[in-house]
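Residue-level structural notes
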Amino acid sequence: MSTAATSFPERNAAEVADLVLASDATSPDVCARRMRQRRQMYVGQVASYSLGASVLLLYAFDGAVSTNVPTLFWFGGLLIIGSFTVLSEAGVGDRFADHYLTVFQISAHMALQFVFLVSVPTLGIAFLAVLFLIFAFGTLRMTSRQAMITWGLATCGLAFVFLGSDLPIGLPVASRIERAASMLCFALVIGQCAFLGLFGATLRKILYQRSNELKAAYRRIEELAELDELTGSYNRRCIMRLLDAEIEKSRRTGSPCAIALIDLDWFKRINDAFGHPVGDEVLRTFALTIFANIRPEDRFGRYGGEEFLLLLPGATSEAASRMLDRLRRIVAELDWSAFSPAMSVTISAGVVTLRDVDTADTFLARADSALYSAKAQGRNRIATG
């Protein structure tokens with residue numbers, strides 16, 4: 001026999017997971033989906049009580065109990081379900097974190113079982129078995145505190161039945177019909193517990209998958225937060241953090257480290273002559289060109305405006321200068337006529353290597369000084385410092 005279990009289809013586990021992970025529990029969409037799930041739960045409870053009443057009818061048919069027992073049991077269950085349905089449709093549950101009102105539902109269903117346990121002790125074991133099913137339903141929703149409350153209430157009820165009375169708790173098995181009814185009683189309880197367990201396992205699996213998806217999304221958000229939206233290079237905050245890390249690594253390992261501060265020559269003139277949208281495309285094209293021609297271990301970020309910082313781990317002064325001169329030639333030789341037939345773009349760069357006394361600020365200051373020197377010498381060139 002079964003009473004208080006909810007018949008959750010496995011396909012609804014994904015929707016439950018969505019509600020668990022929903023960020024705005026008060027949005028109309030979330031409230032509507034919660035309402036739909038509660039309705040499904042109440043339909044399942046009606047079916048559960050109907051099955052339980054059917055088993056009781058077998059006992060009544062055999063004369064083990066009065067014919068009023070299954071009728072009263074069924075109507076008692078419908079009264080509880082109907083009461084919570086009215087509260088649900090009125091939106092009362094949505095005012096609470098536990099919109100299912102789990103403690104109240106479990107308490108009401110347990111109270112009904114204890115009423116029939118006391119009233120019909122000859123079927124007492126059947127009603128006691130239902131308590132396991134009630135708690136199986138509750139484990140899908142209860143917090144630790146709720147579990148302790150409902151367990152305490154159940155213990156009080158059991159203490160009254162077993163210690164405060166001499167009721168002959170039993171289960172009739174004298175005839176074939178009674179034995180069949182008893183078998184159905186336990187089969188239905190076990191079956192619905194297994195069904196709830198299947199739903200719980202599916203829900204845990206989906207929540208685990210959604211958790212992995214959220215972690216991937218967070219990683220993507222963190223990645224986007226580190227990138228310059230226009231060029232796809234690292235933004236200033238990120239490239240400065242990488243610079244600090246590279247300085248620390250170089251000091252720890254004793255390996256050389258070089259940086260280059262790169263500036264697009266006369267970039268303001270490009271914006272003034274061709275417009276900012278064209279200027280943005282020039283920056284994007286420049287960044288893509290640099291990405292395509294640096295080493296995997298190099299780090300490239302937008303330092304500000306048309307200035308970019310290139311980190312060159314393990315590069316000596318000579319190697320860094322050669323690399324930057326190669327990049328300078330590549331940029332200068334690009335066909336910029338797609339933007340305008342008269343357009344040409346060149347870069348200047350200041351290249352420096354890390355010294356023992358350098359901090360990130362002094363390291364950058366030396367690179368900036370070298371860049372200024374390259375500009376002073378006529379631009380489209382590399383200067384070292």
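This structure is a prediction, so every number in the text was calculated from the model and none was measured.

**Here's the deal with helix 10 (residues 276–292)**
When the terminal C-alpha atoms of helix 10 are compared, their 24 Å separation across 17 residues agrees well with the 24 Å that a helix rising 1.5 Å per residue should span. When helix 10 is considered as a whole, its buried residues turn out to be Val278, Gly279, Val282, Leu283, Phe286, Ala287, Thr289 and Ile290. Considering only its buried residues, helix 10 is in contact with strand 1 (257–264), helix 9 (267–274), strand 2 (299–304), strand 3 (307–313), helix 11 (317–333) and strand 4 (347–353).

**What to know about the confidence of the model for the protein chain**
Across the protein chain, the average pLDDT comes to 87, with 92% of residues at or above 70. The secondary-structure element of the protein chain with the lowest mean pLDDT is helix 1 (residues 13–21), recorded at 45, while strand 3 shows the highest, at 97. Long-range and interchain partners of residues 2–23, a stretch whose pLDDT sits below 50, account for 76 contacts in this model, where long-range means more than four residues apart.

**Side note on the packing of aromatic side chains**
Following the criterion strictly, the structure yields 10 aromatic pairs and no others. Aromatic pair Phe73 and Phe127: ring centres 5.9 Å apart, planes at 45°, arrangement tilted. Placement of the pair is Phe73 in helix 3 (residues 68–89) and Phe127 in helix 5 (residues 124–138), with a sequence separation of 54 residues. For the pair Phe73 and Phe127, one class covers both residues: buried. An angle of 70° between the planes, with centres 5.2 Å apart, marks the rings of Trp74 and Phe75 as edge-to-face. Counting every residue linked through ring pairs, the aromatic cluster contains Tyr49, Phe73, Phe116 and Phe127. Positioned above the aromatic ring of Tyr303, the side-chain terminus of Arg236 is 4.1 Å from the ring centre.

Reading guide: rules and limits
- Residues numbered from 1 in each chain as written.
- Predicted model: local features only at pLDDT ≥ 70, side-chain atom pairs only at ≥ 80, totals over all residues.
- Heavy atoms only, no water.
- Helix = DSSP H or I, 4+ residues; strand = E, 2+ residues; numbered from the N terminus.
- Expected span 1.5 Å × (residues − 1).
- Buried < 20%, exposed > 50% of the residue type's maximum accessible area, 1.4 Å probe, protein only.
- Contact = heavy atoms within 4.5 Å.
- pLDDT = per-residue confidence, 0-100.
- Phe/Tyr/Trp six-rings, centres within 6.5 Å; stacked < 30°, edge-to-face > 60°.
- Lys NZ or Arg CZ within 6 Å of the ring centre and 35° of its normal.

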